[in-house]
Structure formats: C-alpha cells, structure tokens
Amino acid sequence: MQVYINPRDLEEFKRIVRKLLSIDLSSYKDNFLRRRLAMRMRAVGARNLKEYINLILSDPTELNRLLDNITINVSQFFRDPHIWVAIYEQVLSPLIKLKRKRNSYTIRIWSAGCARGEEPYSISIMLHELLGAEINRFNIVIYATDIDPKAIAAAKEGRYHVQSVMNVPTSWLKRHFAYDAATGMYSVKPHIKRIVRFMIHDLTRDPPPRSLDIIFCRYVMIYFDKVVQKLVLQKFLHALNSGGYLILGPSEYLLDEFNEYFEPIDIRARIYKKKGLSDR
C-alpha cells in the first residue's frame, strides 16, 4: 500500500504527540518521521495520516508502538567492538591516569540517548575492569538519559537476551552478569548498576548534566536536522569540562563550526576532545 503524508498532516501529528506525551518530534528529520509513520500505517491498514491520527487517539497502545518505532531502542553491549577498544585505550585509560595525577577522583559521564541501557552499563563494566578494587576510591556517576520512558524503565531493570551480550567477553560476562537458566536472560549485577543514574530527558529541550568528563551520543544525531544538531552540539560543548571527550556514532560527524572547539582524537571511532583555553 502506497502511503502519502502531506506536510500539514505531519505537523498536526507532531502537535498531537507533543500534547499527549510531551515529546517534541520537531527535532527529527521529516523524511525519517514519514518513513516510520508509513511503516505503522501499512501495518494497521490506515489509508492516510488523518485516519491513522484517529486511530492513535482512540488506541493509546498504537501510539506507544509508533514511539518504539521512532526512537529505535535497539542496541547491544559494546556495540562496534573496535570503537570500544579505542574508547578503552584513548579515552578511559588517559582520563583515569590524569585523575590520579591530579588527585581528583570524580568522574562524570553522560550517555545521551541510552536506549535500554546497554551503553551506560558497558561504560560501567569497562571502568570496573580498568580500576578493579580501586573503583571504590573514585566518585563516578554515569548519567544515562533517553526520551522514551519505556526504554528507561527497561534499562533500570537491566535484563537482556543473549543477543544483547554477544560482544561481552566471557570472563566479563561471568563477573558482571547473573544468568537465569529458566529464562535464558542475563541480568546486570548491582555493582555495575550502582554508578549509573537513569533519567527521562529530551536532548533538544532539557538542560544537560554539567561538568562532564565524557559525553557519549551515538546513533542519535543522524535523526536530527542540521539546526537541531547544532543546538545539541552547543549543549555538549558547554556541558563538557576542558579536555573532556565527545564520542559520536560511526556515521555521525562534528559540524564544521565546532572544529574550533574540538580536536579529533580518533576520526574512525568519532572521538573528539574539547580544547582548553590555551589550545585556541
């Protein structure tokens, strides 16, 4: 079934979602929203967007299905393993070395667009492996945020199918997860959860955490247009400490106007470092 969505109906749809869920979809690219809407419209047999809007107004469960489709909360632990090797060697290890040198034992990290928690828990696991028992000497907080309340609820629960943990080394899996043979599910252990704080957060509207050492924002910016990307990058710039790291997704790039403020550490891994005052 061919689906056409005109601009006026699309704006009406955004208004309804904003009213019902307090979620602003205006930051997403229109073509992306059209593709996701068309998928759900074909699934339920809606002939046009007005018909589909009437459906979501009468059936809230369909609106939730659509939101799942739009926010794309699909991930894995240590997604893109080669990038996590770069994060281990070029971000976390140097940061910890610098903290020790300065006798400053606070580490603040933000996983922006954390989906169901695989990324922030991956960060926590890697920090535990790096620090061992010394982790108790540090004051570490990993802020994990997402726009989708259901994703945040699932992340807090911390239970995953085997497909989600395929990239976790066997020894790490045994140390940091509990396996339930009855369900075939892996649960994140409490010591990994302890330093992760989950929150519902809209990147485009809500203020960011402050005084951050690292920001992860992977597989999120590609859904935003250039105007919103610039807005979000400005927030990241102000939220990061001098010398802090920004990590984007493999298909995401730093906008040219931010080259003045960030130096590339690893282009392939999309790792950037905020310049200090003396660097500009």
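The structure we're discussing is the one just above.
J.: Hey, could you run me through the sheet that holds strand β5 (residues 185-188) in this one?
T.: Strand-to-strand pairing in sheets goes through backbone hydrogen bonds, with the strands running parallel or antiparallel. One open sheet accounts for three strands, arranged β3-β5-β4; its pairing is antiparallel. The sheet terminates laterally at β3 (159-160) and β4 (177-180), the two strands that pair on one side only. Inspection of the sheet shows β4 paired to β5 by four bridges, in the antiparallel sense. Bridged to Ala178 within β5 is Ser187.

J.: Explain the packing of aromatic side chains to me, please; I cannot follow it from the model alone.
T.: Centre distance and the angle of the planes are the two values used to describe a pair of aromatic rings. In this structure the tally under the stated criterion is 11 aromatic pairs. Between the aromatic rings of Phe77 and Tyr160, the centroid separation amounts to 4.9 Å while the plane-to-plane angle is 90°, which identifies the pairing as edge-to-face. One end of the pair, Phe77, is in the loop between α4 (60-71) and α5 (81-102); the other, Tyr160, is in strand β3, with 83 residues separating them in the sequence. Look at Phe77 and you get buried, because its relative accessible area is 0%. Residue class for Tyr160 comes out buried when judged on its relative accessible area of 4%. The interplanar angle of 80° and the centroid separation of 5.1 Å between the aromatic rings of Phe77 and Phe177 together place this pair among those described as edge-to-face. Of this pair, Phe77 sits in the loop between α4 and α5 while Phe177 sits in strand β4; the two residues are 100 residues apart in sequence, bridging distant segments of the chain. By relative accessible area, which is 4% here, Phe177 ends up buried. Within the aromatic cluster, the residues linked to one another by ring pairs are Phe77, Tyr121, Tyr160, Phe177, Tyr179, Tyr186 and Phe198. Seen from the ring of Tyr219, Arg79 lies directly overhead, with NZ or CZ sitting 3.6 Å from the centre.

J.: Before we go on, may I ask you to explain helix α3 (residues 49-58) in this structure?
T.: Each α-helix winds once per 3.6 residues, and so residues spaced three or four apart point in a common direction. All of the buried residues along α3 are Leu49, Tyr52, Ile53 and Ile56. Around the axis of α3, the buried residues are gathered within 105° of arc, so they sit on the same side. Summarising the geometry of α3, the exposed residues directed more than 90 degrees from the buried face are Lys50, Asn54, Leu57 and Ser58.

J.: Would you explain the packing of α5 against helix α6 (residues 118-131) in this entry?
T.: Axes are the key here: two packed helices are described by the angle between their axes and the distance separating the axes. Packing of α5 against α6 leaves a shortest axis separation of 11 Å and a crossing angle of 55°. Classified by the angle between their axes, α5 and α6 sit oblique to one another. At the point where α5 passes α6, the crossing takes the right-handed sense. Between α5 and α6, the contacting residues are Trp84, Tyr88, Leu92, Ser93, Ile96 and Arg100 on the first element and Glu119, Ser122, Ile123, Met126, Leu127, Leu130 and Leu131 on the second. Within the contact of α5 with α6, the residues separate by chemical class into nine nonpolar, two polar and two charged.

J.: Help me understand the sheet that holds strand β10 (residues 271-274), please; the structure alone is not making it clear to me.
T.: Strand order in this open sheet of seven strands is β6-β2-β1-β7-β8-β10-β9, and the pairing throughout is mixed. Edge positions in the open sheet fall to β6 (196-200) and β9 (262-266), since each of these has one partner strand only. Direction aside, the axes of adjacent strands within the sheet are offset by 20° on average. Alignment of strand β7 (residues 212-217) against strand β8 (residues 240-248), held across five bridges, turns out to be parallel. Its bridge partner lying in β8, Cys217 is registered against Leu248. The sheet contacts of α5 involve β1 (106-112), β7, β8, β9 and β10, and relative to β7 the element is tilted by about 165°.

What counts, and at which threshold
- Residues numbered from 1 in each chain as written.
- Predicted model: local features only at pLDDT ≥ 70, side-chain atom pairs only at ≥ 80, totals over all residues.
- Heavy atoms only, no water.
- Pairing = 2+ DSSP bridges.
- Helix = DSSP H or I, 4+ residues; strand = E, 2+ residues; numbered from the N terminus.
- Phe/Tyr/Trp six-rings, centres within 6.5 Å; stacked < 30°, edge-to-face > 60°.
- Buried < 20%, exposed > 50% of the residue type's maximum accessible area, 1.4 Å probe, protein only.
- Lys NZ or Arg CZ within 6 Å of the ring centre and 35° of its normal.
- Arc of directions from axis to C-beta.
- Axes fitted to C-alpha atoms, helices over the stretch in contact; angles between N-to-C directions.
- Parallel < 35°, antiparallel > 145°, perpendicular 65-115°, else oblique.
- Left-handed = near helix turned anticlockwise from the far one by under 90°.
- Contact = heavy atoms within 4.5 Å.
- Nonpolar A, V, L, I, M, F, W, Y, C, P; charged D, E, K, R; others polar.

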